[in-house]
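# Observations on chain architecture
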Amino acid sequence: MARNKTKKPVYKRFWFWTILILAMLVIGNFGDEGSTEQTESTSNSEQAASEESESKEEVEASTKEKGEKESTEKGSEKASKEKKEENNTITTSQKNAVQEAEDYLEFSAFSREGLLNQLSSEAGSGYPLEDAEYAVDQLDVDWNEQAVKSAENYMEVSAFSEQELKQQLTSDAGEGFTEEQAQYAIDQIDFSKEETVSEESSEESSADSSESESDMTTSQKNALQEAESYLEYTAFSKLGLIDQLSSDYGSGYPREDAEFAVNQLDVNWNEQAVKSAESYLEYSSFSESGLKQQLTSDAGEKFTEKQAQYAVEQMNFGGNESSSDESSDEDGSSDGSMTKSKQNAVAQAESYLEFSAFSKKGLVQQLSSDAGSGYPREDAEFAVNQLDVNWNEQAVKSAESYLDTMSFSRDGLIQQLSSDAGSGFTREQAEYAADQVGL
């Protein structure tokens, strides 16, 4: 009897494991390829995302740039539109004011303030001030250069020191430039520049001048021209003319330029003293000593003692002059003529009484003292004797003047009016005055 043969399980068979190993190898290869593909896929995704991001940024930048450009174009269009609208709102008056402002600047130099005034003042064009201001604001003007042109124009027609020119450019009565604009203009003018002096001017140089120069600076030339101009209209001493040229209240030239200019002049200073004396006597009464003091003092004309004495001698204070009024003294004697000194003393006595109250004694003292008018005593007494004066009324006026500023008893007022240290009235005149003022 045949025995049944037992079969091996499948997993114990050789061919099972061979197939299994081969299957695993095949699966492994597929896994590597998948991983590579996955890696490549991931890399490609990242690159695509980066490219997409860059593209997005470029789009955004382009969009932003386009937006800014459109915004700029819109702003420009808006400004142009606004300007167009503004032009459309300009009044005829404003338009005309702009045109006239431009015309003014073509023919003359103006400061901003000066041009405004020219356009708006009644003596100018008469535009409303707001239209004038609008017009000037539309102009493209260098006001510094306008100041320079104005300064040059002044220098062409007249002589100026730096100080005078600056004052002329800045003052309200002048051009109305600012201090800075005026200074800029002055800085452009070379006042130290040497200029040739004409032979005629050189010949007219003063004989006593220690400086004989054939050329001079602009400042010196202007000082000389202005010195000559001063002498055409009034009399000066040499020192007085130098002061006038160099002082702040005068022309403001440097002192050395003023002295240089005066030394170039051919002037008879004695004759200048005579002219000055005659001018004083035309408008006021002087004694010899009073006139001489006026001519020589630092507060007066600053002539030398010799020049003043020469002038006084020409005034003939001791000579007789016809008098329209019959002169008389206290005794009633009369004289049909009086000296110039006496005539002036009379005129000055009358002038004193127009402005203040005097006793007879006080008026004589005022006329004859060195602190007063300095007339000879006899001329002062003569002058007072010619006056028709109520001395009682003078005492009353003097009393009222005292009481306006101070309190007095009756005795105190009488003492003040009658004392030599007071007003010099007589006792009777003082008592009369006290009665009239109620003391």
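Residues numbered from 1 in each chain as written. Predicted model: local features only at pLDDT ≥ 70, side-chain atom pairs only at ≥ 80, totals over all residues. Heavy atoms only, no water.

### Side note on the packing of aromatic side chains
As a reminder, the rule being used: Only rings of Phe, Tyr and Trp enter the pairing, Trp through its six-membered ring, and a pair is recorded when the two centres are within 6.5 Å. The plane angle decides the type: under 30 degrees is stacked, over 60 is edge-to-face, the rest tilted. Relative accessibility under 20% of the residue-type maximum defines a buried residue, over 50% an exposed one, and the middle range a partly exposed one, all with a 1.4 Å probe and only protein chains included. Working rule: Lys NZ or Arg CZ, within 6 Å of ring centre, within 35 degrees of ring normal, means a charge sits over the ring.
Summed over the entire model, instances satisfying the criterion amount to five aromatic pairs. A centroid spacing of 5.8 Å and a plane angle of 55° characterise the contact between Tyr352 and Phe358, whose relative ring orientation is tilted. Judged by centre distance (5.9 Å) and plane angle (65°), the ring pair of Tyr402 and Phe408 falls under edge-to-face. Overall, the relative accessible area of 21% leaves Tyr402 in the partly exposed class. We note Lys342 situated over the ring of Phe382; from NZ or CZ to the ring centre the distance is 4.8 Å.

### Let's talk about the side chain of Ser341
Note the cut-off: Runs of H or I in DSSP of at least four residues are treated as helices and runs of E of at least two as strands, each being numbered from the N terminus. Counted as a polar contact is a pair of N or O atoms within 3.5 Å, where, for protein atoms, one must be capable of donating a hydrogen and the other of accepting one, and residues adjacent in sequence contribute only when both atoms are in side chains. In this description, contact between two residues means that some pair of their heavy atoms is separated by no more than 4.5 Å.
Structurally, the position occupied by Ser341 is in helix 15 (residues 340-355). Residue Ser341 is classed as buried on the basis of its relative accessible area of 3%. At a separation of 2.6 Å, a polar atom in the side chain of Ser341 contacts the side chain of Asp379. Setting aside residues up to four positions removed in sequence, Ser341 forms contacts with Phe317, Tyr375, Pro376 and Asp379.

### As for the environment of Gln415
Mapped onto the elements, Gln415 comes out in helix 19 (residues 410-418). Its relative accessible area of 47% is what places Gln415 among the partly exposed residues. In this structure, the C-alpha to C-alpha distance between Gln415 and Phe425, residues 10 residues apart in sequence, is 9.6 Å.

### Remarks on the pattern of salt bridges
If charged atoms from side chains of opposite charge come close, those side chains can pair. In plain terms, the rule: Salt bridge, as used here, is a side-chain nitrogen of Lys or Arg placed within 4 Å of a carboxyl oxygen of Asp or Glu.
Tallied over the entire structure, the rule returns 10 salt bridges. Here Glu259 and Arg255 are joined by a salt bridge, their closest N and O atoms 3.5 Å apart. With Glu259 and Arg255 both in helix 11 (residues 255-263), this residue pair falls four residues apart, about one helical turn. Of the residues examined, Glu259 reaches a relative accessible area of 34% and is grouped as partly exposed. A salt bridge links Asp435 to Arg410, with the nearest nitrogen and oxygen atoms 2.8 Å apart. Pair noted here: Asp435 is in helix 20 (residues 427-436) and Arg410 is in helix 19, with a separation of 25 residues, a long-range link. Relative accessible area serves as the criterion here: at 46%, Asp435 is assigned to the partly exposed category. Overall, the relative accessible area of 30% leaves Arg410 in the partly exposed class. Residues joined in a network through salt bridges with shared partners are Asp243, Arg255, Glu259 and Lys302.

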